[in-house]
Amino acid sequence: MPEKETLERAQEDAREGKSPSTQAGEFVREEIHHVREGKHGASSTKQAIAIGLSKARRAGVKLQPPRKGTTSARTRQQASRDSRRAKSSRKPSPKRSAATSSALKREGHQAASKKGLASQARSAAQRRSASARHASAMKAVQTKSRQGRVEAAQKAGRTRRAA
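I will try to describe carefully the structure that is included in this document. These numbers come from a predicted model, not from an experiment.

### Structural notes on the environment of R122
Checked against the element boundaries, R122 lands in helix α6 (residues 114-126). Taking relative accessible area as the criterion, R122 reaches 53% and is therefore assigned exposed.

### Comments concerning the pattern of salt bridges
Opposite charge on two side chains permits pairing when their charged atoms draw close. Summed over the entire model, instances satisfying the criterion amount to eight salt bridges. The residue E30 makes a salt bridge to K55 at a minimum N-O spacing of 3.6 Å. Of this pair, E30 sits in helix α2 (residues 20-36) while K55 sits in helix α3 (residues 45-58), and the two are 25 residues apart along the sequence. Of the residues examined, E30 reaches a relative accessible area of 4% and is grouped as buried. Residue K55 is classed as buried on the basis of its relative accessible area, which comes to 18%. Among the ionic contacts, a cluster of salt bridges with common partners joins E5, R9, E26 and R29.

Thresholds applied
- Residues numbered from 1 in each chain as written.
- Predicted model: local features only at pLDDT ≥ 70, side-chain atom pairs only at ≥ 80, totals over all residues.
- Heavy atoms only, no water.
- Helix = DSSP H or I, 4+ residues; strand = E, 2+ residues; numbered from the N terminus.
- Buried < 20%, exposed > 50% of the residue type's maximum accessible area, 1.4 Å probe, protein only.
- Salt bridge = Lys/Arg side-chain N within 4 Å of Asp/Glu carboxyl O.

Right, dumping it as structure tokens:
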């Protein structure tokens, strides 16, 4: 069950007209925090993100299932099942819930490390085309103030020098 604070933040994003992926980001953020604080583990960063997205769908965020070709049929089916679960009021099975929790507790916590998240972000970016990355960067620039753009340019310069 997502925390009350997470649900409120996601609902605020929805009221502000933000995209479903932004709303779902709140649940992913919560999941990363859970792994970091030792509530449970995750076998990989991808798994921690997937758990967060699943929680978002079950909480009623209108996230599309992943596109065909990007993931397995089983993952797509599970995603649509999670979306349907948002509409039902069925209580989760305590036995199954306990089994899942204990399995996650046996996993490590490296999935939520800065290094793990950074490598996941890099590999996800590499799978996108250069034009797609450019388009999202241009969209991000529109939300920045003049000072924000100056700071971003300075950081980019430092990064280029370091590499």
